[in-house]
Amino acid sequence: MRPIWPIALTCAVVVVATGCGTSTPPESSRLPLHQLRQLDLPGAAVRFDYMSLDAGSGVLWVAHMGAGAVVEIDIRAHRVVRTIADLPDVHGVLAVPQRHRIFATATGRNQLATIDSDSGTILRTSPTGDYPDGLAYDPRRGAVWTTDQRAGTETVVDAETGTVRGTVPLGGEVGNVVYDADTDRMIVAVQGRTDLAVIDPETLTVTDRIPVPGCAGPHGQALDAADRLMFVGCEDNARLVTVDLTRRTVIDANSVGRTPDVLVYDNSAHRLYVAAESGWVSLFDQRDGHTIALASDHLAEGAHTVAVDPDTHHSFFPLPKGRGGGPVLLEFEPSA
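Residues numbered from 1 in each chain as written. Predicted model: local features only at pLDDT ≥ 70, side-chain atom pairs only at ≥ 80, totals over all residues. Heavy atoms only, no water.

Please give an account of the side chain of histidine 219 that cites residues and values.
Relative to the assigned elements, histidine 219 resides in strand β20 (residues 218-224). A relative accessible area of 2% means that histidine 219 is categorised as buried. Of the polar contacts made by the side chain of histidine 219, one reaches the side chain of glutamine 191; its length is 2.6 Å. When near neighbours in sequence (up to four residues on either side) are disregarded, histidine 219 contacts Tyr50, Asp133, Gln149, Gly175, Asn176, Ala189, Gln191, Val232, Gly233, Glu235 and Asp261. (Helix = DSSP H or I, 4+ residues; strand = E, 2+ residues; numbered from the N terminus. Buried < 20%, exposed > 50% of the residue type's maximum accessible area, 1.4 Å probe, protein only. Polar contact = N/O pair within 3.5 Å; in protein donor to acceptor, adjacent residues only side chain to side chain. Contact = heavy atoms within 4.5 Å.)

The following block contains the structure:
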């Protein structure tokens, strides 16, 4: 099938100067992705941010940041279900199907919003620190963790009541947070310290810090729990580093597009997707404990966030502007 939206195959090389030296984007190569369709989305042609896929129901929740709304999309029926408004500058969105809840960071108000996923009703809001961004869920304690990027903290909120259970200071501007079920720990990328902070979610204390040398501005993360690896996107020097959590060391470093933002790991396919603010998308395979570069290319302007269906391995990229000038969702299947 001929692609609906062509993938650009070439891009000028941009040199980015950082405090950790210079870095260049990877050499452009064709992404092993075949476009299946595009879906027109509601709202203005403005920026999107994080997404969360409930693979069981086939519902994709998309933060339409510039529109201050979360868009609910049925990826099986290929239709927009509804739009949930009054979420100014929404960044993070997280589906927790077992609770029939969606959590979203209303960054413009420094709040975490709790949404009923069945009705789309905003049930309550909870205060956070300055500039709440990414989210993670601790199922053992029923707690939602919000990354307060500018405050340099994590705010921990009770998923049932919306009560703030505590705040964890991390000593510098922070990136994303991930829950590691195997060790029962939260792991936070701390941009201001160039390390990964390991937090005991029971005591809300930092128990370890794993340095990530060569990674300027660690921000996005994706966990390969089976192999005990954390993939970390380095915003300020266009790098991806792979951290062996057991050995507490960086074992691989690769070039990616300028300002890597969202990382998603497809566990069953052992494939990592890195979407950058510059519109570059990079794909990697995890083989024998190492991160192998597969391809990297400029997908489209605004293609800085991605979601992947673990059952079909289809990937989804929302864009502020499609061919018709309005927002669209692109869907791809792997071609290799």
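I'd like a description of the state of the cysteines, backed by residues and values.
The full count for this structure, using the stated rule, is one disulfide. Across a sulfur-sulfur distance of 2.1 Å, cysteine 215 and cysteine 234 are joined as a disulfide pair. Between cysteine 215 and cysteine 234, the S-S dihedral sits near -115°, and the bridge is therefore left-handed. Separated by 19 residues along the polypeptide, cysteine 215 in the loop between β19 (205-211) and β20 and cysteine 234 in strand β21 (residues 229-234) bring together distant segments of the chain. (Disulfide = S-S within 2.5 Å.)

Describe empty space enclosed by the protein, listing the residues and the values that go with them.
Taken as a whole and assessed by the stated rule, the structure comprises one cavity of 30 Å³ or more. Of the volumes computed, that of the largest cavity is approximately 60 Å³. Residue assignment for the lining of the largest cavity shows that the elements contributing at least two residues are β3 (33-40), β6 (69-74) and β30 (328-334). (1 Å grid on protein atoms, 1.4 Å probe; cavity = no way out; pocket = protein on both sides within 12 Å on 5 of 7 lines; lining within 4 Å. Points joined across faces, edges and corners; volume = space filled by probe spheres on them.)

Run through the sheet that holds strand β27 (residues 290-298), naming residues and quoting values.
The four strands lie next to each other as β24-β25-β26-β27, forming an open sheet whose pairing is antiparallel. Lying at the two open borders of the sheet, with one neighbouring strand each, are β24 (260-266) and β27. Taking the axes of each pair of neighbouring strands and ignoring which way they run, one obtains an average angle of 20° across the sheet. Direction of pairing for strand β25 (residues 271-276) relative to strand β26 (residues 280-287): antiparallel, over a ladder of five bridges. Following the sheet pairing, leucine 272 is matched in β26 by phenylalanine 284. (Pairing = 2+ DSSP bridges. Axes fitted to C-alpha atoms, helices over the stretch in contact; angles between N-to-C directions.)

Any chance you could break down the pattern of salt bridges for me, citing the residues and the numbers?
This structure, assessed with the given rule, holds 22 salt bridges. Residue aspartate 116 pairs with arginine 101 through a salt bridge whose shortest N-O separation is 3.7 Å. Taken together, the residues aspartate 116 in strand β10 (residues 111-116) and arginine 101 in strand β9 (residues 101-106) connect sequence positions 15 residues apart. You can call aspartate 116 buried: its relative accessible area is 16%. Judged by its relative accessible area of 19%, arginine 101 falls in the buried class. The closest approach of N and O atoms between aspartate 182 and arginine 228, which form a salt bridge, is 3.7 Å. Pair noted here: aspartate 182 is in the loop between β16 (174-180) and β17 (185-190) and arginine 228 is in the loop between β20 and β21, with a separation of 46 residues, a long-range link. Overall, arginine 228 belongs to the buried group, its relative accessible area being 16%. By sharing partners, the salt bridges in this structure join Asp138, Arg140, Arg141, Asp184 and Glu202 into a single network. (Salt bridge = Lys/Arg side-chain N within 4 Å of Asp/Glu carboxyl O.)

I'd like a description of the packing of aromatic side chains, backed by residues and values.
Overall, the coordinates contain two aromatic pairs when judged by the stated rule. Ring centres of phenylalanine 231 and tyrosine 265 lie 5.2 Å apart, and the angle between their planes is 40°; this geometry places the pair in the tilted category. Of the two residues, phenylalanine 231 sits in strand β21 while tyrosine 265 sits in strand β24, which places them 34 residues apart along the sequence. As far as the burial class goes, phenylalanine 231 and tyrosine 265 line up, both buried. Seen from their ring centres, phenylalanine 317 and phenylalanine 332 are 5.8 Å apart, and the 80° between their planes marks the pair as edge-to-face. Of this pair, phenylalanine 317 sits in strand β29 (residues 315-319) while phenylalanine 332 sits in strand β30, and the two are 15 residues apart along the sequence. By the burial criterion, phenylalanine 317 is buried, and phenylalanine 332 matches it. (Phe/Tyr/Trp six-rings, centres within 6.5 Å; stacked < 30°, edge-to-face > 60°.)

Give me unusual backbone geometry: which residues, what numbers.
Phi is positive for leucine 204, which is not a glycine, with a value near 60°. Residue classification places leucine 204 among the partly exposed residues on the basis of a relative accessible area of 22%. You will see that aspartate 288, though not glycine, has its phi angle at about 50°, which is positive. Relative to the elements of secondary structure, aspartate 288 occurs in the loop between β26 and β27. On the accessibility criterion, aspartate 288 (79% relative accessible area) is exposed.

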